[in-house]
Every structure is written in C-alpha cells, then in structure tokens.
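# Observations on the three-dimensional arrangement
Chain by chain, the residues:
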Amino acid sequence: MIDDLPIRKIIHIDMDAFYASVEQMDNPELKGKPIAVGGGSKRGVISAASYEARKYGVKSAMSGRLAEKLCPHLIFVRHRFDRYKEISNRVRSIFFDYTDLVEPLSLDEAYLDVTENKIGLPSATLIAQKIRQRIFNEIGLTASAGISINKFIAKVASDYNKPNGQKTVNPEDVIQFLEDLDIRKFYGVGKVTAEKMYQKGIFTGKDLKSKSLDYLDNNFGKSGRYYYHVVRGIHNSEVKPNRIRKSLAAERTFSENLSSEIFMLEKLEQIAEEVSRRLDKSEVAGKTVTLKIKYSDFTLQTRSKTLPYYISDKAIILETAKDLLYQEKLNNSVRLLGISLSNLNTDKSTLNKASVDEKKSVSVQLKFDF
C-alpha cells in the first residue's frame with residue numbers, strides 16, 4: 001500500500017424532482033398535486049414529473065399523451081428554464097461555501113469533493129446534512145445525497161433514500177454494498193445492457209464481480225473494463241470543477257410527422273441556427289456533425305460526418321446536416337430531428353492509470369475513517 005495516494009470523500013447532491021418542485025414552490029396551488037413539466041402539446045415530451053405524478057408511472061422522457069393516460073388528472077406546466085437556472089445557481093453558491101471542488105452534472109445535480117473542506121469538518125456525512133438543510137431553509141426545496149469514496153458509489157447511493165434523504169457508504173462497506181446491488185442500479189448500465197446481463201446470469205454486483213476482465217471485454221466491449229473496476233470499488237475519476245464539454249446539440253419534436261425532405265430542411269435550418277448560437281455562447285467549435293433522426297415508430301438513427309477543421313458557423317453546420325439527411329433514404333416519416341457537434345476544441349486526452357495503481361488506491365480508501 002502507498003500511503004500518499006489520494007483519499008477522497010465525495011458527495012453527490014441530487015435535487016428532488018427539480019423542475020417540478022420549483023413549479024410547486026412558486027405556485028402553492030400545485031403543491032401535493034401530480035404535475036408534469038413539458039409534454040403538454042400533442043407531441044410533447046415530459047422533462048420532469050412531481051413525486052405525486054410518479055406514483056402513477058409518469059416519468060421524464062415520456063410522451064405527454066401516454067402520461068395523461070396513466071394519470072388523467074395530470075397537470076401540465078410549461079418550462080421556465082431561466083427560473084430553473086436561477087435556482088440552480090443559488091444551490092451551487094451553497095456548495096461553494098463548503099468546497100471549491102464542485103462538478104455540476106446538470107442544473108439539478110453535482111459532485112462535491114469535501115476531503116478538504118472550508119469548514120474543517122472531517123465528516124462528509126455531516127457536511128451533506130448541512131448542505132441539504134441549507135437548501136431547504138434558504139431556498140425551500142429538498143435534495144438527496146450520496147456519500148462515499150468515489151463518484152460512482154456516491155451517485156448510486158444518492159438514489160437510495162429519495163426524496164429528501166441521504167445514504168453514506170462507508171469505506172469498509174463498499175465491497176458488500178456493490179456485491180448486493182441490483183445490476184440495474186449500476187450507473188452506466190442501461191435497460192438494453194441490463195437485459196443482456198440478465199441473459200448471461202448477471203443479476204447483482206456479486207454476479208458481475210465473478211466475471212473475468214476478458215469475459216467482460218469480450219461481451220461488453222469497451223464498457224467491460226469499466227464494469228470490472230467499478231464493481232470492485234475502483235473509480236478514480238476526480239471531481240473536476242471545470243467539466244470539459246464533449247458535445248453540444250439541439251433537437252426538435254414535431255407536432256406532425258414529416259415525410260417531405262423539403263419540410264425537414266426548413267426544420268434543420270432552425271436547429272442549425274440554435275446549435276450555432278449555443279456554440280458561440282460557449283465559445284467552442286467542433287469537427288464532428290451528427291444528425292439524429294427519430295422515426296414515427298420511435299426507432300432512432302444517427303448519421304455522422306467528421307470535418308478536417310473546427311466549425312461553429314450555421315451555414316456549414318446546416319450544409320453538413322443536409323448531406324447527412326440525403327446520405328440514404330429515410331425509413332419512415334420523421335417525428336424528431338436533431339443536430340449535435342462533437343470532437344470539440346475543448347477535448348483533452350487523458351492517460352489511464354494502471355489497474356495496479358487503481359487497486360492500491362482503493363485499498364487505501366478502504367482504511368479511511370469516514
């Protein structure tokens with residue numbers, strides 16, 4: 001063991017039903033009622049659902065039409081992203097009272113490294129409690145938290161006692177916690193991957209841990225190594241205060257399915273303009289243009305092209321998207337189009353640490369007094 005390897009105390013804060021909770025806070029008449037943010041139009045998609053709505057099976061990314069069938073008395077509320085961003089900034093200002101190592105994942109969640117913190121409190125568990133209490137007292141919203149030795153476990157733990165709760169996975173409990181964990185709760189294991197794992201007899205972390213690195217590489221590709229390490233408590237990704245943006249995108253869902261490419265080109269122009277605006281605002285450019293097509297039967301297709309130079313100009317983005325649209329015949333009428341730009345000029349190459357160092361690191365973390 002190497003005593004000077006980094007030892008971390010990580011908190012993952014996740015606001016509870018953030019968009020919906022903001023709407024209920026600002027409009028007391030909505031409190032205690034099932035509400036959905038977005039999804040109110042004929043083809044709308046829900047961005048967030050209150051906990052009252054979730055009891056009926058309503059959830060984010062669901063069509064408003066289906067949500068209304070599940071919950072006939074569902075109340076649809078329009079987005080107010082400026083308001084959500086305002087509240088998010090207030091929440092983050094509380095984080096910075098405890099540490100400068102804050103990595104936002106979105107408006108409603110963030111990682112905090114409190115190994116060394118501004119109030120000199122050795123307990124990450126108590127710091128999480130203080131932060132959640134301040135969010136409630138000063139803003140009026142509830143948040144949940146996960147606390148552990150790395151980002152992966154902290155994020156998984158933050159889902160355990162939602163809403164308005166927290167869970168600490170102490171260093172000595174990490175291995176047992178991961179072995180008992182349902183494979184569906186592993187961050188990074190989606191529905192399709194979970195089904196594939198079920199077919200191979202992998203239902204829990206313990207099942208996953210029994211598989212060799214070669215087995216996971218052969219069956220799950222580049223994700224195999226990730227699964228192999230995280231189930232052993234090894235995840236050395238640091239909390240990065242300035243997260244590097246990997247891509248930037250915009251998309252539109254249409255009120256009626258489009259079958260004419262002429263109408264699609266009109267929509268693509270609007271989307272390309274929005275992407276260009278966001279690139280300029282973020283002061284970035286990219287080389288890879290990806291066209292996203294969702295058909296009326298909900299099948300999804302992406303087409304990409306990498307240019308030899310960085311772009312942010314609307315005209316070039318649009319022209320490339322057009323080329324991708326005409327690249328092959330469309331399979332069906334289209335309900336959604338999107339354009340994303342990746343391979344940005346913010347990308348930096350990082351070196352992977354040797355697995356032997358990762359094992360040494362976690363062995364030191366497991367001795368740490370939380």
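All values derive from a computational prediction rather than experimental measurement. (Residues numbered from 1 in each chain as written. Predicted model: local features only at pLDDT ≥ 70, side-chain atom pairs only at ≥ 80, totals over all residues. Heavy atoms only, no water.)

### Here we look at unusual backbone geometry
Among all residues save glycine, negative phi is the norm, and among peptide bonds the norm is trans. Each neighbour pair has its own omega, and for lysine 162 with proline 163 the value is -10°, a cis peptide bond. As for its placement among the helices and strands, proline 163 is situated in the loop between α6 (151–157) and β8 (166–168). Positive phi, close to 45°, is recorded for alanine 17, a residue that is not glycine. Here alanine 17 shows up in the loop between β1 (10–15) and α1 (18–26). (Helix = DSSP H or I, 4+ residues; strand = E, 2+ residues; numbered from the N terminus.)

### Concerning the nonpolar core
The biggest cluster of nonpolar side chains holds 33 residues, and the ones touching the most others in it are Ile11, Ile13, Phe95, Leu112, Ile131 and Ile135. Contributing elements (two or more residues each) for this core: β1, α1, β2 (35–38), α4 (81–95), β6 (109–113), α5 (124–138) and β7 (143–148). In contact with isoleucine 11, not counting residues within four places along its chain, are Ala110, Tyr111, Leu112, Val114, Ala124, Ile127, Ala128, Ala145, Gly146, Ile147 and Ala154. (Core = buried A, V, L, I, M, F, W, Y, C linked by side-chain atoms within 4.5 Å. Buried < 20%, exposed > 50% of the residue type's maximum accessible area, 1.4 Å probe, protein only. Contact = heavy atoms within 4.5 Å.)

### Some points on the side chain of serine 276
For serine 276, the position within the fold is in helix α12 (residues 261–282). Setting aside residues up to four positions removed in sequence, serine 276 forms contacts with Ser312, Asp313, Lys314 and Ile317.

### Here we look at the pairing of strand β11 (residues 300–311)
Across eight bridges, the pairing between strand β10 (residues 286–295) and β11 is antiparallel. Note on β11: the bridge partner recorded for lysine 292 is threonine 302. Where β10 folds back on β11, the antiparallel hairpin that results is connected by four residues, among which phenylalanine 298 adopts a positive phi of roughly 75°. (Pairing = 2+ DSSP bridges.)

### Remarks on the pattern of salt bridges
Side-chain pairs of opposite charge can arise where the charged atoms are in close proximity. Inspection of the entire model under this criterion finds 20 salt bridges. For lysine 292, the salt bridge identified is with glutamate 251, shortest N-O distance 2.9 Å. Residue lysine 292 is found in strand β10, and its partner glutamate 251 is found in strand β9 (residues 247–258); the two are separated by 41 residues along the sequence. Under the relative-accessibility criterion, glutamate 251 is labelled partly exposed at 38%. Note that glutamate 273 is salt-bridged to lysine 314, the shortest N-O span being 3.9 Å. Of this pair, glutamate 273 sits in helix α12 while lysine 314 sits in helix α13 (residues 314–325); the two residues are 41 residues apart in sequence, bridging distant segments of the chain. (Salt bridge = Lys/Arg side-chain N within 4 Å of Asp/Glu carboxyl O.)

### Things to note about the sheet that holds β11
Strands pair in a sheet through their backbones, by hydrogen bonds, and they do so in one of two ways: parallel or antiparallel. Read from one edge of the open sheet, four strands run β9-β12-β10-β11, paired in antiparallel fashion. Every interior strand has two partners, whereas the edge strands, β9 and β11, have only one. Each strand axis lies, on average, 15° off the axis of its neighbour in the sheet, ignoring direction. Sheet strands touched by α12: β9, β10, β11 and β12 (334–344). Its angle to β9, the strand with the most contacts, is close to 155°. Relative to β11, α13 is tilted by about 140°, and along the sheet it contacts β10, β11 and β12. (Axes fitted to C-alpha atoms, helices over the stretch in contact; angles between N-to-C directions.)

### So, the environment of lysine 322
Tracing the backbone shows lysine 322 in helix α13. Taking the C-alpha atoms as reference, lysine 322 lies 49 Å from aspartate 180; in sequence the two are 142 residues apart.

### Some points on the side chain of glutamate 109
With respect to the element layout, glutamate 109 can be found in strand β6. Given the relative accessible area of 16%, glutamate 109 is considered buried. One polar contact links glutamate 109 to histidine 12, side chain to side chain, over a distance of 2.7 Å. Glutamate 109 has contacts with His12, Ile13, Asp14, Pro104 and Lys155, leaving out every residue within four places of it along the chain. (Polar contact = N/O pair within 3.5 Å; in protein donor to acceptor, adjacent residues only side chain to side chain.)

### Regarding the packing of α4 against α5
Where α4 contacts α5, the axes come no closer than 10 Å and their chain directions differ by 140°. Classified by the interaxial angle, the pair formed by α4 and α5 is oblique. Read as a crossing pair, α4 and α5 show a hand that is right-handed. Counted together, Arg90, Val91, Ile94 and Phe95 of α4 and Ile131, Arg134, Ile135 and Glu138 of α5 form the full contact between these two elements. (Parallel < 35°, antiparallel > 145°, perpendicular 65-115°, else oblique. Left-handed = near helix turned anticlockwise from the far one by under 90°.)

### Let's talk about a nonpolar patch on the surface
A cluster of nonpolar side chains, Tyr56, Leu66 and Leu70, forms an exposed patch at the surface whose accessible area comes to about 250 Å². As for its placement among the helices and strands, leucine 70 is situated in helix α3 (residues 64–70). Classification of leucine 70 by relative accessible area gives partly exposed; the value is 35%. (Patch = residues over 30% accessible without salt bridge, like charges linked within 9 Å, V, L, I, M, F, W, Y side chains within 5 Å. Areas by Shrake-Rupley, 256 points an atom, 1.4 Å probe, with all protein chains shown as cover.)

### Brief notes about the environment of lysine 200
Among the secondary structure elements, lysine 200 is positioned in the loop between α8 (191–199) and α9 (205–209). Residue class for lysine 200 comes out partly exposed when judged on its relative accessible area of 30%.

### Digging into the confidence of the model for the protein chain
Caution is warranted with low-pLDDT regions, since their predicted coordinates should not be read in detail. Residues with a pLDDT of 70 or more make up 90% of the protein chain, whose mean pLDDT is 88. The spread of mean pLDDT over the elements of the protein chain runs between helix α14 (residues 355–365), the lowest at 43, and β1, the highest at 98. Long-range and interchain partners of residues 1–5, a stretch whose pLDDT sits below 50, account for nine contacts in this model, where long-range means more than four residues apart. When the criterion is pLDDT under 50, residues 349–369 qualifies, and its contacts beyond four places in sequence or with other chains add up to 36 contacts. (pLDDT = per-residue confidence, 0-100.)

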